[in-house]
Amino acid sequence: MKKKIVIIGSGPAGLICALCCCQNGIEPSDILIIERDSEIGGTLNQCIHSGFGKSYLDEVITGTELASILSDGIRQLGIECVTNSTVLSVDKSKRIRLVSPTYGYCTIKAEAIVLAMGCREKTKGALQIGGTRPAGVFSAGAVQRIVNIKGYMPGKKTVVLGSGDLAMIVARRLTIEGGRVICVCEPKEYVEGSDEKYKECLQDFGIPLYCSHTVTKIFGKERIEAVEIAHVDKRGKAIKGTAKKIKCDSFVYQCGLVPENEIIKETGIRLDTRTRGAYVNQYFETNVKGVFTCGNAVRIHDLVDYIVEEALIVASSICKYFNKEMEKPKNVIRIKNGDRVLYSVPQHLDVYDESLEGSVIYFRVNGRYDNLLITLKCDGKEIYTREKGKMSYLETGKILITQDLAKELEKAKEIVICASEKKNGNDIDNYGKNNE
Ligand SMILES: Cc1cc2nc3c(=O)[nH]c(=O)nc-3n(C[C@H](O)[C@H](O)[C@H](O)COP(=O)(O)OP(=O)(O)OC[C@H]3O[C@@H](n4cnc5c(N)ncnc54)[C@H](O)[C@@H]3O)c2cc1C
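Quick notes on the rules
Residues numbered from 1 in each chain as written. Predicted model: local features only at pLDDT ≥ 70, side-chain atom pairs only at ≥ 80, totals over all residues. Heavy atoms only, no water. Helix = DSSP H or I, 4+ residues; strand = E, 2+ residues; numbered from the N terminus. Rg over C-alpha atoms; globule rule 2.2 N^0.38 Å. Buried < 20%, exposed > 50% of the residue type's maximum accessible area, 1.4 Å probe, protein only. Contact = heavy atoms within 4.5 Å. Areas by Shrake-Rupley, 256 points an atom, 1.4 Å probe, with all protein chains shown as cover. Lys, Arg positive; Asp, Glu negative; His and termini not counted. Charge placed at Lys NZ, Arg CZ, Asp CG, Glu CD. Patch = residues over 30% accessible without salt bridge, like charges linked within 9 Å, V, L, I, M, F, W, Y side chains within 5 Å. Salt bridge = Lys/Arg side-chain N within 4 Å of Asp/Glu carboxyl O. Near = heavy atom within 4 Å. Polar contact = N/O pair within 3.5 Å; in protein donor to acceptor, adjacent residues only side chain to side chain. Domains from an automatic or database assignment. Buried area = accessible area lost by both parts, 1.4 Å probe. Expected span 1.5 Å × (residues − 1). Pairing = 2+ DSSP bridges. Axes fitted to C-alpha atoms, helices over the stretch in contact; angles between N-to-C directions.

**A short note on the overall build of the protein**
Counting secondary structure elements, the protein contains 8 helices and 29 strands. The globule rule puts the C-alpha radius of gyration for 436 residues at 22 Å, and the 23 Å found for the protein is close to it. Counting all 436 residues of the protein, 53% fall into the buried class. Excluding contacts between residues fewer than 6 apart, the proportion of contacts in the protein whose partners are at least 24 apart in sequence is 65%. When the accessible surface of the protein is summed, it comes to about 20,200 Å², and 48% of that surface belongs to carbon and sulfur atoms. For the protein, the distance from the average position of its 62 positive side-chain charges to the average position of its 56 negative side-chain charges is 6 Å.

Dropping the structure here:
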């Protein structure tokens, strides 16, 4: 079977990319979306809370509402979307192997591919908690799915580990559904998620938060009966003599998300060890021509708004690819992560006939800072500085390449993004270690 464009994954990244390809003149019949779940919409289907759609629709709606608006759009255009279908692998020559109730086991040869497989939760093994592994131990995402989609309560008395937005949203949901969240433990000294979510989800519902605490043991044979929590030091090590046993019938943990890219192992696509997504240029094209990627498969996003931006970029890049505007770059500029910068996407800028003006560099810093200054150095020369003020590693920073910046950059070999901390308003402190 042959197809012009195959999109793997039907979360907001995949669906918005498909809709925008059609707005850019691609025939709906040239697109195939493959989704392993029974419904399209991806993570949005389990997010019944508000906070989605700002940049795409200019109104704030729930995740499920956004999923339904996008699905309607796909249906109205008649874009083929095969569900319950899992892509097993993709190879260098853009052959996709999948198992599907519609096509059975088959191979599709695509002219262009969009990798939009989202991310998965890290497993509880990563936490190395002692004790047994009885029933009643869940990841936060699994609980969100069980409660919001399946309609079951995973337990009545729960201890939650982790205070990221997802863990706090889940603690609130369990409380609204009639359960009791005994406490949320956070190994760090501060709340991991946003202040807004801490207020809305924990404070407003009277759920206690214990910072500098972790879960050190799980008790129970068939079903979980209790957990042991303990105070931790700055390095996250449990402090002797502080352990406390708490009775509960469920334990929910959140220990991070990781881009889902296992199916591209055979493609030779280069992965960034920091983002765990593919190395991309400003068009979100990988090092394999015609293979693009967007959404949580590229990096873990804080907001769908950035996923929308990426999906729009990929949709327009696909048109450029078919118009042969992206054959061989005249110059490739490497983007390096300097002081306090955790990662940046894209990882390089490819200079074709089109100017770099309008391209965007997204980045994250490696901690929480009150007064940050962001600088861009081009072949050693500082060409950009912006006061960013307060910024945390949970947020995405953005540098828009203006006409003037583009002129400076186009012949460069390398640019470095750095963040320095401004102390007392004026003194720029450069004590940070380089992350390279
Ligand atoms: C609990 C939670 C709360 C959030 N709250 C907010 C919020 O308030 N505001 C906001 O803006 N954002 C929020 N987000 C973020 C946002 O929902 C996600 O970042 C976004 O849905 C990711 O979109 P995506 O398309 O990249 O991936 P996903 O939505 O995860 O979609 C990826 C799809 O690919 C499919 N897939 C994967 N592998 C394969 C394969 N091999 N074959 C076929 N299909 C495959 C998956 O089944 C999935 O449907 C939240 C996220 C979570 C988890």
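**Considering a nonpolar patch on the surface**
A cluster of nonpolar side chains, Leu88, Val99 and Tyr105, forms an exposed patch at the surface whose accessible area comes to about 290 Å². Following the sequence through the fold, Val99 ends up in strand S7 (residues 95–100). Given a relative accessible area of 34%, Val99 falls into the partly exposed group.

**Observations concerning the site of the ligand**
As a structural note, the neighbourhood of the ligand is formed by 31 residues, with Glu35, Thr43, Leu166, Asn296 and Val304 the closest of them. In the model, an oxygen atom of the ligand is placed 2.6 Å from a nitrogen or oxygen of the Glu35 side chain. A distance of 2.7 Å is found between an oxygen atom of the ligand and a side-chain nitrogen or oxygen belonging to Thr43. For the ligand, the protein covers 91% of the area, taking 1,000 Å² as the surface of the free molecule. Elements that contribute at least two residues to the shell around the ligand include exactly helix H1 (12–23), strand S3 (50–52), strand S6 (86–90) and helix H7 (304–322).

**What to know about the domain arrangement of the protein**
When its domains are assigned, the protein resolves into domain 1 (2–120 + 258–327), domain 2 (123–255) and domain 3 (337–423). Using only C-alpha atoms to locate each centre, domain 1 and domain 3 end up separated by 26 Å. Of the roughly 1,800 Å² buried between domain 1 and domain 3, counting both surfaces, carbon and sulfur atoms make up 49%. On the domain 1 side of the interface with domain 3, the three residues burying the most area are Arg274, Gln282 and Arg299, jointly 31% of the side's total.

**Considerations on the side chain of Asn281**
Along the chain, Asn281 falls in the loop between strand S19 (257–259) and strand S20 (291–293). By relative accessible area, Asn281 is classed as buried at 1%. Polar side-chain contacts of Asn281 include one of 3.0 Å to the backbone nitrogen of Glu285. Setting aside chain neighbours within four positions, we find Asn281 in contact with Pro346, His348, Asp350 and Tyr352.

**What to know about H1**
What sets the pattern is the α-helix's 3.6 residues per turn: residues three or four places apart point alike. Taking 1.5 Å as the rise per residue, H1 with 12 residues should run 16 Å; its terminal C-alpha atoms sit 16 Å apart, in good agreement. With 11 of 12 residues buried, H1 lies mostly within the body of the structure. Buried residues of H1: Pro12, Ala13, Gly14, Leu15, Ile16, Cys17, Ala18, Leu19, Cys20, Cys21 and Cys22, and no others. Those residues of H1 that are buried lie in contact with strand S1 (2–8), strand S2 (31–34), helix H2 (54–57), helix H3 (63–77), strand S8 (104–115) and H7. At the exit of H1 stands Gly25, carrying a positive phi of roughly 105°.

**Quick look at the sheet that holds strand S13 (residues 180–186)**
A sheet is described by the order of its strands in space; here 5 strands give the open sequence S11-S18-S12-S13-S14, paired in parallel fashion. With one partner strand each, in any of the chains shown, strand S11 (137–139) and strand S14 (209–211) form the two edges of the open sheet. Strand-to-strand, the axes of this sheet are offset by a mean angle of 20°, without reference to chain direction. Summarising the sheet, strand S12 (residues 157–161) and strand S18 (residues 250–253) pair through 4 bridges and their orientation is parallel. By the bridge assignment for S18, Val160 is matched with Val252. Running at roughly 95° to S11, helix H4 (residues 140–150) makes contact with S11 and S18 of the sheet.

**Side note on the pattern of salt bridges**
Under the counting rule described, the total for this entry stands at 22 salt bridges. Note that Arg299 is salt-bridged to Glu310, the shortest N-O span being 4.0 Å. Residue Arg299 is located in the loop between S20 and H7, and its partner Glu310 is located in helix H7; the two are separated by 11 residues in the primary sequence. A residue is classified by how much of its surface remains accessible, and Arg299, at 1% relative accessible area, is buried. Take Glu310: its relative accessible area is 0%, and that puts it in the buried class. Among the ionic pairs, Glu408 bridges to Lys381, the shortest N-O distance being 3.2 Å. Of this pair, Glu408 sits in helix H8 (residues 403–409) while Lys381 sits in strand S26 (residues 381–391); the two residues are 27 residues apart in sequence, bridging distant segments of the chain.

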